[in-house]
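# Structural characterization, general
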Amino acid sequence: MTPDELRAALRGVPDPEWLAAALHRIAFEPATITTFFAVAGRRCGRAELPDLPGWTADEAARALLLTALPAGHAGWAEALYRDGDAAEKRAVLKALPLLPIGAAGVPLLHDAIRTNDTRLVAAALGPYAHHLDPPTWRQAVLKCVFTGVPLAVVADLDARADGELAAMLAALAAERRAAGRTMPADATELLDRLSARVDQPHLREA
């Protein structure tokens, strides 16, 4: 995902002039982002973007507003996340891979993963989640299974999934069988893929 792709997907928003003016203003007056960020949903709408699966117009607009900042991206991302409603928090999480902040946004992922808001959990496991350490990432994937978040939202799932995650999924599957319950289909499919990898040495991770 790039800012140019976000701009292209937002060409049909209800008020493109407002968005263009907001981006220009933020570049010269960074503090104005708080006002623009709060009203982006009303000015740009909240519809899903056909050309950007998984994104809504307000999320894409807010992500662009963050990229327009001349500096201090990490600080602004944290402030907007902490003070924002659920929609604003999701936008910040989705914007993190676009910002020049390194791993500074990881605490926001930790916060989102701890919540019971499944949409926040899903947003936290996008591309920026490659900054999560393996134990935290595995626990987040397991939380997806527990809470019904589709594993399709987890970026680089098959590349990062390892034997420890397989063991955790197998233990959960056994517990559920004992209780007469089933695993979500996508979790079962992941466990099957990981088991097949173990059974074929040439496919194992080095």
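So, here's what we can say about the structure. Computed from a prediction, not measured in an experiment: that's the story for all the values here.

## Topic: the side chain of K143
Its location among the elements puts K143 in helix α9 (residues 134-147). One buried charged side chain, K143, makes no salt bridge at all; its nearest oppositely charged neighbour is D117, positioned 9.8 Å away. Polar contacts involving the side chain of K143 include one to the main-chain carbonyl oxygen of T115, which spans 2.6 Å.

## Things to note about the packing of aromatic side chains
What the rule picks out here adds up to one aromatic pair. Residues W18 and F36 carry aromatic rings whose centres are separated by 5.8 Å and whose planes lie at 70° to one another, so their mutual orientation is edge-to-face. Taken together, the positions of W18 in helix α2 (residues 16-28) and F36 in helix α3 (residues 33-44) put the pair 18 residues apart, joining distant regions of the chain. Just as W18 is buried, F36 falls in that class too. Sitting over the face of the ring of W55, K94 holds its NZ or CZ atom 5.3 Å from the ring centroid.

## So, helix α6 (residues 86-95)
Among the 10 residues that make up α6, nine are buried, leaving the element largely enclosed by the rest of the structure. Between a side-chain oxygen at the N-terminus of α6 and the backbone nitrogen of A87 the separation is 3.2 Å; the capping residue is D85.

## Remarks on the pattern of salt bridges
Tallied over the entire structure, the rule returns 13 salt bridges. Of the charged contacts in the structure, one is a salt bridge between R7 and D4, with a shortest N-O distance of 3.2 Å. Placement of the pair is R7 and D4 together in helix α1 (residues 3-9), with a separation of three residues, close to one helical turn. Between R25 and E29 there is a salt bridge, and its shortest N-O distance comes to 2.7 Å.

## Observations concerning the layout of surface pockets
Size it by volume and the largest pocket reaches roughly 510 Å³. The element best represented in the lining of the largest pocket is helix α8 (residues 118-124), accounting for four residues. Residue composition of the lining of the largest pocket, grouped by class: 10 nonpolar, four polar and five charged.

## Some thoughts on empty space enclosed by the protein
Under the counting rule described, the total for this entry stands at one cavity of 30 Å³ or more. The calculated volume of the largest cavity comes to roughly 40 Å³.

## Thoughts on the environment of R176
Along the polypeptide, R176 turns up in helix α11 (residues 163-178). With a relative accessible area of 8%, R176 lands in the buried category. For R176, the contacting residues outside a window of four places in its chain are V145, F146, R181, T182, M183 and P184.

## Quick word on α9
Helical geometry: 3.6 residues make up each α-helical turn, so side chains three or four residues apart lie on a common side. Counted at 1.5 Å a residue, the expected span for α9 with its 14 residues is 20 Å, and the 20 Å between its end C-alpha atoms agrees. Of all the positions in α9, only W137, R138, A140, V141, L142, K143, C144 and V145 are classed as buried. For α9, the N-terminal capping position is held by D133, with its side-chain oxygen 2.9 Å away from the main-chain nitrogen of T136.

Conventions used here
- Residues numbered from 1 in each chain as written.
- Predicted model: local features only at pLDDT ≥ 70, side-chain atom pairs only at ≥ 80, totals over all residues.
- Heavy atoms only, no water.
- Helix = DSSP H or I, 4+ residues; strand = E, 2+ residues; numbered from the N terminus.
- Buried < 20%, exposed > 50% of the residue type's maximum accessible area, 1.4 Å probe, protein only.
- Lys, Arg positive; Asp, Glu negative; His and termini not counted.
- Salt bridge = Lys/Arg side-chain N within 4 Å of Asp/Glu carboxyl O.
- Polar contact = N/O pair within 3.5 Å; in protein donor to acceptor, adjacent residues only side chain to side chain.
- Phe/Tyr/Trp six-rings, centres within 6.5 Å; stacked < 30°, edge-to-face > 60°.
- Lys NZ or Arg CZ within 6 Å of the ring centre and 35° of its normal.
- 1 Å grid on protein atoms, 1.4 Å probe; cavity = no way out; pocket = protein on both sides within 12 Å on 5 of 7 lines; lining within 4 Å.
- Points joined across faces, edges and corners; volume = space filled by probe spheres on them.
- Nonpolar A, V, L, I, M, F, W, Y, C, P; charged D, E, K, R; others polar.
- Contact = heavy atoms within 4.5 Å.
- Expected span 1.5 Å × (residues − 1).

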